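Inside the fold
Single-letter residue listing:
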Amino acid sequence: FDLPEAPTGDDAARARAILEAPLAGFPFVDGASRAVVLSAVLTAIQRKVLRSAPAHGFNAPTPGSGKTLLADFVSNIATGRDAAKMAQGRDGGEDKKRLLAVLMDGDPIVCIDNIERTVDDDALCTILTESTYRDRILGESRVVSIPTGATFLLTGNNLTFSGDITTRVLMATIDPKSERPEEREFDGDLREQVRRDRAALIRAALTIVKAHQIAGRPTEGLRPFGRFEQWSAEVRAALVWSGSADPCETRELVIENDPRGAALRSLLENWRAEWAAQPLTVAALIKEIEPDRKTGLHNVKRGPELWAAVQTLASDGRGGANPRMLSWALRHAAGRVYGGLRLQRGEGGSAGRWWVQAADDEQQGEVAHEPDM
C-alpha cells in the first residue's frame, strides 16, 4: 500500500481518527487510556527500529470487559493474527523461564494474559529496557543472548505493578460499569473487522509516524521518559502531535497503585515526623514500632502507620517483621525520592544506621552528631 508522499498534520489527525474508530465500543475511563492502545499499535509496528519500548497494560475492574480483545486488536493490526499469549508464573523465577522461552520463539507480540498477582519482575524490567537479554537455558549450562524486540502487552483485572516495573509500563483502563460485562452485545466481530481493514489501519499508523517525521519530530513539550527516549520521540510525541492524549499520563495511576512505593512513602513520612534526622538501625526501628504482644500498643505515636508500612515491605508471615528483608528494602530504596523525602545510609553493614532527610537538603552533616539508637 502507498502512503501520502508528504502527509501533513491534518493527515495525521485523520489517520488517528481511523485508528480510533474500531475502539468506539470500549468504555475507556479517559483519553489517556485510549491513547495507550494507539501507542501499543504504533509501538508494535515500529518495534524493530526502536531500541526499547514500555509494556502496555490493559486493565479493568471485572472479567469479561474486553482486555484480551484489546490485545488482539493491537496484534491483528501489526501481525494479522491474535497475540501469542502466556500465563503469569507462580513466582518471579517461573516468569523468568517463560520470558526467555517466548523471546527464543521470536514472537513479535507477547501478551501476558489474565495477570492475577502483582507484577514485580526483574527479568521483564531488563527485557523492556535493553536491546538484548542474556540468560541460561533451563536444564543446560548454555547461556544465550536474545534480541528483545517484542512488544509486551499485559492484561488483568485491577492490574497492580510494584517496584522498578512501575517506571516501564503504561496502562489503559476500561470500565463497563456492569456486573456481567461479558454479556454485552457489539456490532460485528472486532478481530474480523481488523483483519479485513488491516491495510487501511497500518496505513493510518504509518501516516502518523511519517507526518511527524516530516514536521521535524516536534516534541510537544512532553516530559522526558527515561530509558525510552527514542520511543517517546518517535511514537509518543507523534501521537500527541496528531491530537491524541499523552499515553504517559497513565503512569501516575500505575505509580500511585504501587503497594511497595506507597509503603515506602508512608515509612519515610512517618519516620521523618517521628525522629526527624535521627539515625536508627533496622533492629532499633523494629523495636520502636512493633506492637506489644500483650497490649497491642507501640512505643511511638506513629507506630501503627510505620508498622503497617514495614509489614508490606518485610513481613515474616507470622505477624512480625523480618529484619533481613527490611534491610534489603531499605538498601534498594536508599537515595530515591518518595514524597519529597529520601533515605540515607551510614556505615556499619547490616548494623548500619539509617535516617530520612528532605530530598532538597544537601546538608547531610545535620545527622553527624545525633545519638545512636
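Look above for the structure.
In this report, we go over the structure that sits alongside the text. Model, not experiment: these values are computed from the prediction.

Let us now look at the nonpolar core. By size, the foremost hydrophobic cluster in this structure holds 44 residues, and its most contacted members are Leu19, Val37, Phe58, Phe73, Val74 and Trp231. The dominant element in this core, judged by the number of residues it contributes, is helix H2 (residues 31–46), at seven residues. With near-sequence residues (within four places) excluded, Trp231 lies in contact with Ser39, Thr43, Leu50, Ser52, Ala53, Pro54, His56, Leu170, Phe225, Arg236, Pro247 and Cys248. Core analysis: the second largest hydrophobic core is formed by 29 residues, Ala263, Leu313, Ala333 and Tyr338 among them.

Glancing now at helix H3 (residues 67–79). Between its terminal C-alpha atoms H3 stretches 18 Å, which fits the 18 Å expected from 13 residues at 1.5 Å a residue. H3 sits mainly inside the fold: eleven of its 13 residues count as buried. Within H3, burial applies to Lys67, Thr68, Leu69, Leu70, Ala71, Asp72, Phe73, Val74, Ser75, Asn76 and Ile77.

Right, let's get into the layout of surface pockets. There is about 310 Å³ of room inside the largest pocket. Along the walls of the largest pocket sit 16 residues, with Thr166, Thr167, Asp258, Arg336 and Tyr338 positioned nearest its centre. Looking at the lining of the largest pocket, the elements that each hand over two or more residues are helix H10 (259–275) and strand S9 (337–338). No other element matches H10, which puts four residues into the lining of the largest pocket.

What follows concerns the pairing of strand S6 (residues 151–157). Along S6, six of the seven residues are buried, which leaves the element largely enclosed by surrounding structure. Pairing of strand S1 (residues 55–60) with S6 involves five bridges; the strand directions are parallel. From the neighbouring strand, Asn59 faces S6, where its bridge partner is Gly156. With five bridges joining them, strand S3 (residues 109–115) and S6 adopt parallel strand pairing. Directly across from Ile112, in S6, lies its bridge partner Leu154.

The interhelical angle for the contact between H10 and helix H13 (residues 323–333), taken along N-to-C directions, is 90 degrees, at an axis separation of 12 Å. Looking at the two axes, H10 sits roughly perpendicular to H13. Counted together, Arg260, Leu264, Leu267 and Trp271 of H10 and Trp328, Ala329, Leu330 and Ala333 of H13 form the full contact between these two elements. Tallied by class, the residues present in the contact of H10 with H13 amount to seven nonpolar, no polar and one charged.

The full count for this structure, using the stated rule, is three aromatic pairs. Their ring planes at 80 degrees and their centres at 5.9 Å tell us that Phe225 and Trp231 sit as a pair that is edge-to-face. Both residues of the pair, Phe225 and Trp231, belong to the buried class. Put simply, the rings of Phe225, Phe228 and Trp231 pair up and form one aromatic cluster.

The next thing to look at is the sheet that holds strand S8 (residues 280–281). Ordered in space as S8-S11-S10-S9, the four strands form an open sheet in which the pairing is antiparallel. Looking at which strands have only one partner, the edges of the open sheet turn out to be S8 and S9. Where S8 and strand S11 (residues 353–358) come together, two bridges link them in antiparallel fashion. Bridge pairing in S11 places Leu280 opposite Trp354. Docked against the sheet, H10 engages S8, S9, strand S10 (341–345) and S11, running at close to 90 degrees with respect to S11.

A few words now on unusual backbone geometry. Here the phi dihedral of Asn114 falls at roughly 55 degrees; this positive angle occurs in a residue that is not glycine. Within the fold, Asn114 resides in strand S3.

Its place among the elements puts His56 in strand S1. According to the relative accessible area criterion, His56 is buried, its value standing at 0%. A polar side-chain atom of His56 sits 3.5 Å from the main-chain amide nitrogen of Ala40. Apart from residues lying up to four places away in sequence, His56 is in contact with Val36, Ser39, Ala40, Thr43, Phe152, Leu153, Leu154, Leu170 and Trp231.

About the thresholds
- Residues numbered from 1 in each chain as written.
- Predicted model: local features only at pLDDT ≥ 70, side-chain atom pairs only at ≥ 80, totals over all residues.
- Heavy atoms only, no water.
- Core = buried A, V, L, I, M, F, W, Y, C linked by side-chain atoms within 4.5 Å.
- Buried < 20%, exposed > 50% of the residue type's maximum accessible area, 1.4 Å probe, protein only.
- Helix = DSSP H or I, 4+ residues; strand = E, 2+ residues; numbered from the N terminus.
- Contact = heavy atoms within 4.5 Å.
- Expected span 1.5 Å × (residues − 1).
- 1 Å grid on protein atoms, 1.4 Å probe; cavity = no way out; pocket = protein on both sides within 12 Å on 5 of 7 lines; lining within 4 Å.
- Points joined across faces, edges and corners; volume = space filled by probe spheres on them.
- Pairing = 2+ DSSP bridges.
- Axes fitted to C-alpha atoms, helices over the stretch in contact; angles between N-to-C directions.
- Parallel < 35°, antiparallel > 145°, perpendicular 65-115°, else oblique.
- Nonpolar A, V, L, I, M, F, W, Y, C, P; charged D, E, K, R; others polar.
- Phe/Tyr/Trp six-rings, centres within 6.5 Å; stacked < 30°, edge-to-face > 60°.
- Polar contact = N/O pair within 3.5 Å; in protein donor to acceptor, adjacent residues only side chain to side chain.

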